[in-house]
Amino acid sequence: MALAAGSLILTATAATAAPAADTTSTTAAPAAAGSALADSSQITFADAAGSTGPAQAVPGGTGGGTVNVLQRDTFGHLDPAQVYVNNQAQLATLLHRGLTTYKLDDSGAYSIVGDLATDSGRMSDGGKTWTYTLKDGIKWEDGTPITSTDIRHSVERLFAPFINSGPTYLQQWLAGTNGTDYRDLLPGGPYEGNHLQDSVLSTPDAKTVVFHFEKAQPDLPYALSLAGYGAVPRAKDTKEAYDLAPVASGPYKILEFKPGTSMTLVRNAEWNPATDASRHQYPDRFQISFGVSNADFTRRMMTDTGEDQTTTTFTNSVDKAFIPEIMANPQMAGRTLAGHQSYVAQINFNTKRITSRDLRLALAYAVPTQAVYDAQGGGYGAELAGSFISPTLAGYKKSDPLGKIAYPQGRPDKAREILKRHNKLGMKIRYAFVDTEQGQAYSAKIETALEKAGFDVERFPITGRYYYDVIGKTDNTYDMYASAWGADWPSGLTVIPPVFDGRTVADGASNYSMVNDRRINRRIDSIQAMTDPQEAAAAWMQLSDFIAKQVVPAVPTVYYKQMQMHGSRVGGATYHKMFSNIDPTRLYVKQ
């Protein structure tokens, strides 16, 4: 999942592991390597009992009041099928429901539970068939019951050409392909009366949904928990316009949205807590304000006066400049949340423009990853990265094929050697970056380092709201630009294919370097065929190293960490490791 551009370097969801063998039981998935998500080994796929609402009460939780939310960037998409950036996904936890979701209980354990469905799914035919039964009492915000017809429509609209920003796992699995040609399964989506065949997706009655895959897909409950697979009512689907005014199925609905300025959420009276095992509906409303920098947010949280006492954020981080002062003050430190994220930041090289692997390698050597590390607040916000695989994923081993951990200031001498050998000293580079104070700072240092190595660099600022849209164009005119990606669940399956599979290159896709290397594509296919989760995890790590050193479509810069803060009257503040941010569904106002 891509990270919100406002957090750029940047700053897509959490991490690993291989699937449980029997998803009708509570068999745990294998443990992730590393400490960041060490308890992901405890993630279970819940049965009906574990999926039954209401959710466990948050200790001290009380109803009423308004939680104020300060955000740097506005929400670029509201249609769940278009949601694949973390700030939008945080909002979606309050608005949208899907067949499954994550549940965090009071002991700190995570599970995948049935959300609109009665359980996390019933697997048969060796994982090729999955059956879901919808709960009783689930409704849209207008009081209309949610039926299997809506779920079928929600899946089928994913194949429409205007849906181009969300996850594609389910579509590819249904079509039996790794590439963008999954759309051939249902060209145009369901809008002209065509539907997926029952041999692919069947809805035999109003309560039953059955998925049929060519290959076993034991990770399906994980995938369906993504915000991008939230439900959309067939009767209220306005196609492209739905992105501005979606219909809620979660505990809150949108009262007003002023893009770039504010959003107001109010309680959805049709949400039934008895049907929801993971969410709460404590505040009367969420009042969200956009355009608030990390620095301004942090200053307001430190001051903690007036309405800022009932204020927090979904995805803003504590500004690095204030961290020492905050941690030295017990009262302030007590209002912070901290945790690892599954995101890995990277500088992409546009392989359509820079076709030479050697010249991309020169850029990789020259990039000073220390600049990105410093911009993230040093050790509080980041760790120098050597791999595209996060330490939070299964199979991770510390690796540094490009020497970015060993030489965080870059190696301009090695870069210059390559440029001389290819007679490319003075090579022009168009470098796009997100136009924030942070982006300005680290990109200027990178520009200086590249020029020292022998490149002629021109920087181009891009507004955060449109950043991913711009770099996601296959005909963009830039040579290099940052992005960040996090595993959608704890597995390299949700990192390497979406970021480096050449068959996914398309406008809006997450292969931002546009790399299309047959060696990478073939190895992706072979790893996806592996049934041993440990073997697959090790293979993803090996492929990551091969991509970094032998193909060089990008250079990893940092692994992300996160620190957030809230006002003194915000209760229930919990860092959700699967969201890699604060959990909005547990918040309440202290009376």
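Residues numbered from 1 in each chain as written. Predicted model: local features only at pLDDT ≥ 70, side-chain atom pairs only at ≥ 80, totals over all residues. Heavy atoms only, no water.

## Here we look at the overall build of the protein
- Counting its regular elements, the protein contains 15 helices and 22 strands.
- Against the 2.2 N^0.38 benchmark of 25 Å for 591 residues, the protein shows a C-alpha radius of gyration of 23 Å, consistent with a compact globule.
- With respect to the three principal axes, the spread of C-alpha positions in the protein is 70 × 60 × 40 Å.
- When the 591 residues of the protein are sorted by exposure, 62% land in the buried category. (Helix = DSSP H or I, 4+ residues; strand = E, 2+ residues; numbered from the N terminus. Rg over C-alpha atoms; globule rule 2.2 N^0.38 Å. Buried < 20%, exposed > 50% of the residue type's maximum accessible area, 1.4 Å probe, protein only.)

## Some remarks on the packing of helix H8 (residues 357-366) against helix H10 (residues 412-421)
- Following both chains from N to C, one finds H8 and H10 inclined at 155 degrees, their axes separated by 8 Å at the closest point. Between H8 and H10, the crossing angle belongs to the class labelled roughly antiparallel. The hand of the H8/H10 crossing is left-handed. Only Lys414, Ala415, Ile418, Leu419 and Arg421 of H10 make contact with H8, whose side of the interface consists of Asp358, Leu359, Leu361, Ala362, Tyr365 and Ala366.
- By residue class, the composition of the contact of H8 with H10 is eight nonpolar, no polar and three charged. (Axes fitted to C-alpha atoms, helices over the stretch in contact; angles between N-to-C directions. Parallel < 35°, antiparallel > 145°, perpendicular 65-115°, else oblique. Left-handed = near helix turned anticlockwise from the far one by under 90°. Contact = heavy atoms within 4.5 Å. Nonpolar A, V, L, I, M, F, W, Y, C, P; charged D, E, K, R; others polar.)

## Comments concerning the nonpolar core
- One finds Leu170, Phe211, Ile446, Phe455 and Met480 to be the most contacted residues of the largest nonpolar core, which totals 129 residues.
- Among the elements that line this core, the one with the most residues is helix H15 (residues 533-551), at eight residues.
- In this structure, Phe455 is in contact with Leu359, Ala362, Leu363, Ala366, Leu419, Met427, Ile429 and Leu450, ignoring residues within four places of it in sequence.
- Membership of the second largest hydrophobic core comes to 21 residues, among which are Phe257, Met263, Phe314 and Leu337. (Core = buried A, V, L, I, M, F, W, Y, C linked by side-chain atoms within 4.5 Å.)

## Digging into the sheet that holds strand E7 (residues 201-205)
- Taken in spatial order, the four strands line up as E5-E6-E8-E7 in an open sheet, and their pairing is antiparallel. Single-partner strands in this sheet number two, and they are strand E5 (122-124) and E7. Across the sheet, the axes of successive neighbouring strands diverge by a mean angle of 20 degrees, strand direction being ignored.
- Strand direction decides the pairing type here: E7 and strand E8 (residues 208-212), joined by three bridges, are antiparallel. (Pairing = 2+ DSSP bridges.)

## Some words on the sheet that holds strand E13 (residues 336-349)
- In space, the six strands of this open sheet follow the order E14-E18-E13-E17-E15-E16, with mixed pairing throughout. Taken across any chain shown, the strands that pair with only one partner, and hence form the sheet edges, are strand E14 (382-384) and strand E16 (455-462). Strand-to-strand twist across the sheet, computed as the mean angle between neighbouring axes with direction ignored, equals 30 degrees.
- Here 10 bridges tie E13 to strand E18 (residues 554-565), and the two strands are oriented antiparallel to one another. Pairing of Asn348 across the sheet is with Ala554, part of E18.
- Its contacts with the sheet place H8 against E13, strand E15 (427-434), E16, strand E17 (480-486) and E18, and it is angled at close to 75 degrees to E16.

## Quick notes on helix H5 (residues 294-303)
- Residues of H5 that are buried include every one of Asn294, Ala295, Phe297, Thr298, Met301 and Met302, and no others. The buried residues of H5 occupy an angular sector of 160 degrees when projected down its axis, which confines them to one face.
- Where H5 is buried, its residues touch strand E2 (66-70), strand E12 (311-312), helix H6 (323-327), helix H7 (330-333) and E18. (Arc of directions from axis to C-beta.)

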